[in-house]
Structure formats: structure tokens, C-alpha cells
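# Descriptive structure summary
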Amino acid sequence: MAGQLYLCATPIGNLEDITLRVLDTLKSVDLIAAEDTRHSIKLLNHFGIKTKLTSYHEYNKIDKAIYLVRKMEEGLNVALITDAGTPGISDPGEELVRQCHEAGIMVTSLPGACACITALTISGKPTRRFCFEAFLPTDKKERENVFRQLKTETRTIILYEAPHRLKKTLKELYKELGDRSVTLCRELTKRHEDYKIMNLKDLIQYYEGQEVRGECVLVIEGVSFQELEKEAQDEWKSMSVKEHMDYYLSKGMSKKDAMKKTAKDRGVGKREIYRELLDESEG
């Protein structure tokens, strides 16, 4: 009978945030795959867990996943843990999960700490709709593509950032997204947990000349639908009403439908479009 993969969430700071179910599972499985065994052994020692440990990280994730799947096919139960938080969220765990599904290995996730959700819930930003970008890509073109998408993102945006890159990232966000409101969380669940709710411009000024400590989570307000609508209307207003009408007429629309669509694009009533067309023709 095949074994099973257990995705075990570990604390992101405060060790008391580990669940009883995770502790029981880590004690009972045959093998624990950890992102950094030197880091994870401290956690296991703290709770008196003697289960065999093996490394599973970004640089061995494909070959090691093949090995771990083979072990589970032989009947071993394996727990996967990350340095902090829930495996598979912004770490190599997704590769192991994918290979397990392909091999028909059962996967279960034991919920617990997750930095992005922890930050979101204390941010004061809308929580019904959000997108998680994790760490921004380091490749210049990829990074530009992400910023291009985020400019028109209406959902709350969650990013991770390392302390030594925070200042640069804040300046890039201000340049690309404008002066958005941000909740910046640091050292979540730890003794020196801290969050600041400011606009990007103020955050940049606040950290000027300061050394940033601790991993950071940025929760950024999305652009409003009204703002996007206004931007779209302003783009149309760069052409005359007649040019706007002609654009739709050239696509085979009737004059009535073209006028209706032009009015909607510009955020005005049909009467105003009719009046402006008269004024343009008389002029």
C-alpha cells in the first residue's frame, strides 16, 4: 500500500503557532523533507521530534521529488515542511505535490501559519478579493511585466520582500503604481512584530537612512474600478467626438448604436454627444 504526503505548516516566527495535528504528524511519519535541515532541526529538537530528516529545496526539487515519490510508492509516509509557513506557498513544494498527483499519491495539507494571510488580515485593506505575487521576479523584463499587470489590478495586492531590497522595491512601486496606500508588516508573530499603514511616498521617506530588519510583507491597495473607468474615458477624450463616432461607424455600427457606445465610452449622455457633433459640424 502506497504512503502519503503531508504538507505541514510550521510557525513563521512564534513557535507556539504550530498545531497539535502537525506535531503528531511529524512524530508519526517515516520521513520529513525540509527546505533547510539546519533550520528545521531546531524546530524538531524544540518539540522532541526524532523523525529522520532529509533536504528538499529549490536546487534539488525535481530529482529529490522523484526520490520521495518512489519512497511513498514503497509505502513510506512523508511530511514536507518549509523554513516558515505553509509548504507550496512561494517555495519548491509545488513540484513535489505535482509529481505526487501524477503518481497517484495521496496529498493532504495540514493548515497553519501563512505570512501572506496573516499580513492581509491585519492590514485593514479589503480582504474579499486579493492577489498574491510573493517575491517580485529579479529578471528585468519579467519584473516590468508584473508591474504592468499590477497597474490595473483592482484586488488587494500582497508581496513578499527581503529587508535589503525593500527600499528599492518601494521606489519602484511608487514609480509604477503611483502613491498607493500600503500596510507594511515586518517580523510577523515575533517579539518585534511591526506594521505601518502609509502611502508609498511616506514609506520611502520613513525608511530613508534607516536599516530595515526582518522579512517584509506588503499589502497594497488595488486601483478602484472608478479610477480605471476614468482613465479609459480620458483616453477616448484624446480624440474628437466625430473621430470617436467614425471609429464605430467604420466597424459597421449604426449611427444610433455608435452614438450610444461613444457616450458610454466618454461617460456622458447621448444628448451631449449629439450636441458636440452639431457644434463640430457648425464649427
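As a reminder, the structure under discussion sits directly above these lines.
Rules of the game
Residues numbered from 1 in each chain as written. Predicted model: local features only at pLDDT ≥ 70, side-chain atom pairs only at ≥ 80, totals over all residues. Heavy atoms only, no water. Pairing = 2+ DSSP bridges. Helix = DSSP H or I, 4+ residues; strand = E, 2+ residues; numbered from the N terminus. Axes fitted to C-alpha atoms, helices over the stretch in contact; angles between N-to-C directions. 1 Å grid on protein atoms, 1.4 Å probe; cavity = no way out; pocket = protein on both sides within 12 Å on 5 of 7 lines; lining within 4 Å. Points joined across faces, edges and corners; volume = space filled by probe spheres on them. Nonpolar A, V, L, I, M, F, W, Y, C, P; charged D, E, K, R; others polar. Expected span 1.5 Å × (residues − 1). Buried < 20%, exposed > 50% of the residue type's maximum accessible area, 1.4 Å probe, protein only. Arc of directions from axis to C-beta. Contact = heavy atoms within 4.5 Å. Polar contact = N/O pair within 3.5 Å; in protein donor to acceptor, adjacent residues only side chain to side chain. Patch = residues over 30% accessible without salt bridge, like charges linked within 9 Å, V, L, I, M, F, W, Y side chains within 5 Å. Areas by Shrake-Rupley, 256 points an atom, 1.4 Å probe, with all protein chains shown as cover. Salt bridge = Lys/Arg side-chain N within 4 Å of Asp/Glu carboxyl O. Lys, Arg positive; Asp, Glu negative; His and termini not counted. Charge placed at Lys NZ, Arg CZ, Asp CG, Glu CD.

One open sheet holds the five strands; their spatial order is 3-2-4-1-5, and the pairing between them is parallel. Because the sheet does not close on itself, it has two edges, and the strands there are strand 3 (53–55) and strand 5 (106–110). Shown here is a sheet whose adjacent strand axes are inclined to one another by a mean of 25°, direction ignored. With three bridges connecting them, strand 1 (residues 4–8) and strand 4 (residues 78–81) associate as parallel partners. The residue of strand 4 that forms the bridge with L7 is L80.

What follows concerns empty space enclosed by the protein. By the definition in use, this model includes one cavity of 30 Å³ or more. One number sums up the size of the largest cavity: a volume of about 40 Å³. For the largest cavity, the full set of lining residues is E35, Y56, L80, I81, T82, P87, D91, P92 and G93. Of the residues in the lining of the largest cavity, the class split is five nonpolar, two polar and two charged.

Moving on to helix 6 (residues 140–151). Relative to the 16 Å expected for 12 residues at 1.5 Å per residue, helix 6 spans 17 Å between its end C-alpha atoms, a close match to the ideal helical length. All buried positions along helix 6 are accounted for by R143, V146, F147 and L150. End-on, the buried residues of helix 6 take up no more than an arc of 100°, which puts them together on one face. Facing away from the buried surface of helix 6 by more than 90 degrees, the exposed residues are K141, R148 and Q149. Elements in contact with the buried residues of helix 6: strand 6 (130–135), strand 7 (156–161) and helix 7 (166–177). Between the side-chain oxygen of the N-cap and the backbone nitrogen of K141 there are 3.2 Å, and the N-cap of helix 6 in question is D139.

On to the environment of V69. Among the secondary structure elements, V69 is positioned in helix 3 (residues 61–73). The buried category is assigned to V69, whose relative accessible area is 7%. Taking C-alpha positions, V69 is 7.9 Å from L96, a pair spaced 27 residues apart along the chain. Here V69 is in contact with L96, Q99, C100, A103 and I105, once residues within four sequence places are set aside.

This part takes up a nonpolar patch on the surface. A cluster of nonpolar side chains, contributed by I122, Y195 and I197, occupies part of the molecular surface with about 270 Å² of accessible area. The residue I197 is located in strand 9 (residues 194–199) in this model.

A cluster of basic residues, K256, K260, K264 and K270, forms a positive patch on the protein surface. A total of three residues in the positive patch trace back to one element, the largest contributor, which is helix 11 (residues 255–266). Within the secondary structure, K256 sits in helix 11. Under the relative-accessibility criterion, K256 is labelled exposed at 63%.

A few words now on the layout of surface pockets. The volume enclosed by the largest pocket comes to roughly 920 Å³. Lining the largest pocket are 32 residues, and of these I12, D83, A84, G85 and E215 sit closest to its centre. Taken together, the elements giving at least two residues each to the lining of the largest pocket come down to helix 2 (37–46), strand 7 and strand 10 (216–220). With four residues, the top contributor of residues to the lining of the largest pocket is helix 2. Looking at the lining of the largest pocket residue by residue, the class counts come to 15 nonpolar, eight polar and nine charged.

What follows covers the side chain of T183. Secondary-structure assignment places T183 in strand 8 (residues 181–186). Judged by its relative accessible area of 0%, T183 falls in the buried class. Here the side chain of T183 touches S123 through a polar contact of 2.8 Å, landing on its backbone oxygen. For T183, the contacting residues outside a window of four places in its chain are S123, K125, Y195, K196, I197, V217, L218 and V219.

Further remarks concern the pairing of strand 10. In terms of burial, strand 10 is a largely internal element, five of the five residues being buried. Here strand 10 shows no split at all, with C216, L218 and I220 on one side and V217 and V219 on the other all buried. Note: strand 7 against strand 10, five bridges, orientation antiparallel. When the sheet's bridge partners are listed, L159 is paired in strand 10 with L218.

Moving on: the sheet that holds strand 8. The strand order across the open sheet formed by five strands is 6-7-10-8-9, and the pairing between neighbours is mixed. The sheet is open, and its two borders are formed by strand 6 and strand 9, each paired with just one other strand. Taken pair by pair, the neighbouring strands of this sheet meet at an average axis angle of 15°, ignoring direction.

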